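Descriptive analysis of the structure
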Amino acid sequence: MTTADEHVDVLIVGAGLSGIGAAYHLQEAFPGKSYTILESRENLGGTWDLFRYPGIRSDSDMYTLGYRFKPWLGDKAIADGDTILDYLRDTATENGIDRHIRYRHTVRRAEWSSAENRWTVRAEHGGTGETVTLTANFVVSCAGYYRYDAGYTPEFAGTETFGGRIVHPQHWPGDLEVEGKRVLLIGSGATAVTLGPALTEQGAHVTMLQRSPSYVISLPATDGLALRARKFLPPKAAYAVARAKNVTLATTVFQYSQRFPKRMRARIRGWQQRWLPPGYDIDTHFTPRYNPWDQRLCLSPDGDFFRAIRKGKLDIVTDTVETFTETGVRLVSGQRLEADIVITATGLNLQAFGGAELVVDGVPVRMAERLAYKAMMLSDVPNLAFVVGYTNASWTLKADLVSEYVVRLLRHMDEHGYDRCVPVHDPSVGKVPLFANFMPGYVLRAAALFPMQGDRAPWKLRMNYFRDLVALRHGSLTDSAMRFERARERDSVPARG
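Our subject in this report is the structure included herewith. Keep in mind it's a predicted model, so treat the numbers as computed, not measured. (Residues numbered from 1 in each chain as written. Predicted model: local features only at pLDDT ≥ 70, side-chain atom pairs only at ≥ 80, totals over all residues. Heavy atoms only, no water.)

Of the regular secondary structure elements, the protein holds 13 helices and 25 strands. Considered along the principal axes of its C-alpha atoms, the protein spans approximately 75 × 55 × 45 Å. Of the contacts formed within the protein by residues at least 6 apart in sequence, a portion of 70% connects residues at least 24 apart. Carbon and sulfur atoms make up 49% of the accessible area of the protein, which amounts to about 21,500 Å² in all. Side chains of the protein carry 60 positive and 55 negative charges; the gap between the two charge centres is 7 Å. (Helix = DSSP H or I, 4+ residues; strand = E, 2+ residues; numbered from the N terminus. Contact = heavy atoms within 4.5 Å. Areas by Shrake-Rupley, 256 points an atom, 1.4 Å probe, with all protein chains shown as cover. Lys, Arg positive; Asp, Glu negative; His and termini not counted. Charge placed at Lys NZ, Arg CZ, Asp CG, Glu CD.)

Structure (structure tokens):
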């Protein structure tokens, strides 16, 4: 079945952190514009509603992961998943955004027609299986960049022989009991560093098996400056102070890591020597092959990960699985690890635009052939923006800036009578992978699914909030790449500003 078409001014895909923020900015700027949010899941919240594993929390502080327009009033800077979900629900309810969300609507295809000057978006309703069709003047994709239905697990030999239970954190079963159990946790990224100490608190003994180490650092779970500022300043002002401080600190650490990687390595090692038991083998278990911030640093609030190691509740083994056995795994080195439960914290599967197919005037959009304009639009694709957050800072910092830019773009189009905007690719611009300086395994596996970036502005991806702040919030909307058009001028000389 297919429903009759319904038209909105703006269609937002995804009701997670980015989508709720985009809706807020849109309705604040344009109370008269209509919008709808299509959400594939049964609830809002995206990541924070999906993941249910023990200890799930932010790996960015809430003064930057929170929205610019809604102060974070919690006591903890590093917040648990349920608290973050409550924050998102409150934001949606307080602003009436929840009334615009259609749940269980998975976008399958979005087609742009220059003749009709609009998008036709087809979504599948998860309850009925019917196809729901909407048309829109502008589409904002806030679907994130990984698949919600399937996490990544390598093909391990012998899994069928294992007598225990194998669990991926993305699909955490509610009935899993770990107290008194031997838990083998495979992985070394943020999920493993979160799960390890959380499982020990539930009474498990955890062995974390990693093929190669990650950088793990400890930060306070609370922000002293933020809590002190609240005593003397109104909530919004105190929030702004903490946000500015944390953005500056994160940017400084990233830039220092990029410019002086050896010094940063040494600094991290010095911290770890203080956090770990005397004589601990840091070279084997905590010294990655890559430099700091070539991949995200793993965060341990109040040193919970290191405390679990010191207490003897969490062991680290650096090796590779040869095969599963009936009672655990055998490693390439010949060592055997016994386990009652195996948790494969082995990563994510990525996808662009929620897996939807994009088509422009009857021609499918092949992502690897497109350039990302200001890391938020696609070359030669009209009236479409997307949100991809920072890899070296809070996701929301970029999401807020993209939403503000879209508002500026729509206002400019309204004021000048333009019907569409489209970044036009200059063939002289060189192409490099979108995440060229950030290449963990899950990104490498999916590089071809994403657009490219260019070798110069405005096509070059910047992982720098302060530079984007200038360019997206205050910079010019008109440049040599952006083309504005009125529908009646489609076959004539395009406007540039």
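The volume enclosed by the second largest pocket comes to roughly 750 Å³. Looking at the second largest pocket, it is lined by 33 residues, and the ones nearest its centre are Ile-217, Leu-219, Leu-249, Ala-250 and Val-253. Mapped by element, the contributors of at least two residues to the lining of the second largest pocket are strand 10 (216-219), helix 7 (235-259), helix 8 (261-275) and strand 11 (298-301). Here the lining of the second largest pocket takes nine residues from helix 7, the largest share from any one element. (1 Å grid on protein atoms, 1.4 Å probe; cavity = no way out; pocket = protein on both sides within 12 Å on 5 of 7 lines; lining within 4 Å. Points joined across faces, edges and corners; volume = space filled by probe spheres on them.)

Time to look at helix 1 (residues 17-29). Over its 13 residues, helix 1 extends 19 Å from the first C-alpha to the last, a length consistent with the 18 Å expected when each residue adds 1.5 Å. Taking burial as the measure, the 13 residues of helix 1 include 11 buried ones, the bulk of the element. Every buried residue of helix 1 is accounted for by Leu-17, Ser-18, Gly-19, Ile-20, Gly-21, Ala-22, Ala-23, Tyr-24, His-25, Leu-26 and Gln-27. Looking at the buried residues of helix 1, the elements they touch are strand 1 (6-13), strand 2 (35-38), helix 3 (62-65), helix 4 (81-94) and helix 11 (395-416). (Expected span 1.5 Å × (residues − 1). Buried < 20%, exposed > 50% of the residue type's maximum accessible area, 1.4 Å probe, protein only.)

What follows deals with a nonpolar patch on the surface. A cluster of nonpolar side chains, Leu-225, Phe-232, Leu-233 and Val-241, forms an exposed patch at the surface whose accessible area comes to about 360 Å². Structurally, Leu-225 can be placed in helix 6 (residues 224-232). (Patch = residues over 30% accessible without salt bridge, like charges linked within 9 Å, V, L, I, M, F, W, Y side chains within 5 Å. Salt bridge = Lys/Arg side-chain N within 4 Å of Asp/Glu carboxyl O.)

The next point concerns the sheet that holds strand 8 (residues 182-186). In any sheet, the strands associate via hydrogen bonds between backbone groups, in a parallel or an antiparallel arrangement. Here we have five strands laid out as an open sheet, ordered 7-16-8-9-12, and parallel in their pairing. With one partner strand each, in any of the chains shown, strand 7 (165-167) and strand 12 (314-318) form the two edges of the open sheet. For this sheet, the mean angle separating the axes of adjacent strands, direction not counted, is 20°. (Pairing = 2+ DSSP bridges. Axes fitted to C-alpha atoms, helices over the stretch in contact; angles between N-to-C directions.)

At a minimum axis distance of 8 Å, the contact between helix 6 and helix 7 shows a crossing angle of 160°. The angle between helix 6 and helix 7 places the two elements in the roughly antiparallel class. The interaxial crossing formed by helix 6 with helix 7 has right-handed handedness. The segment helix 6 lies against helix 7, with Leu-225, Ala-226, Ala-229 and Arg-230 engaging Ala-238, Val-241, Ala-242 and Lys-245. (Parallel < 35°, antiparallel > 145°, perpendicular 65-115°, else oblique. Left-handed = near helix turned anticlockwise from the far one by under 90°.)

Time to look at the pairing of strand 4 (residues 105-113). Examined bridge by bridge, strand 4 and strand 5 (residues 118-125) share eight bridges and lie antiparallel to one another. Each bridged residue has a counterpart across the sheet, and for Ala-110 the counterpart in strand 5 is Val-121. Alignment of strand 4 against strand 17 (residues 357-360), held across four bridges, turns out to be parallel. Note that in strand 17 the partner of Arg-109 across the bridge is Glu-357.

Right, let's talk about the nonpolar core for a bit. Within the largest apolar cluster, 143 residues are counted, with the highest numbers of intra-cluster contacts made by Ile-12, Phe-138, Leu-199, Phe-286, Phe-305, Leu-378 and Leu-409. Setting aside residues up to four positions removed in sequence, Phe-286 forms contacts with Pro-213, Ser-214, Val-216, Gln-272, Leu-276, Tyr-280, Phe-305, Phe-306, Ile-309 and Ile-316. Core analysis: the second largest hydrophobic core is formed by 13 residues, Val-321, Phe-324, Val-329 and Val-342 among them. (Core = buried A, V, L, I, M, F, W, Y, C linked by side-chain atoms within 4.5 Å.)

Attention now goes to unusual backbone geometry. A cis amide bond links Ala-457 with the next residue in sequence, Pro-458, at an omega value of 0°. Position of Pro-458 relative to the elements: it lies in the loop between strand 24 (452-454) and helix 13 (465-474). The backbone of Trp-293 sits at a positive phi, close to 75°, despite the residue not being glycine. Relative to the helices and strands, Trp-293 resides in the loop between helix 9 (282-285) and strand 11. In this structure, Ala-375 takes a positive phi of about 55° despite not being glycine.

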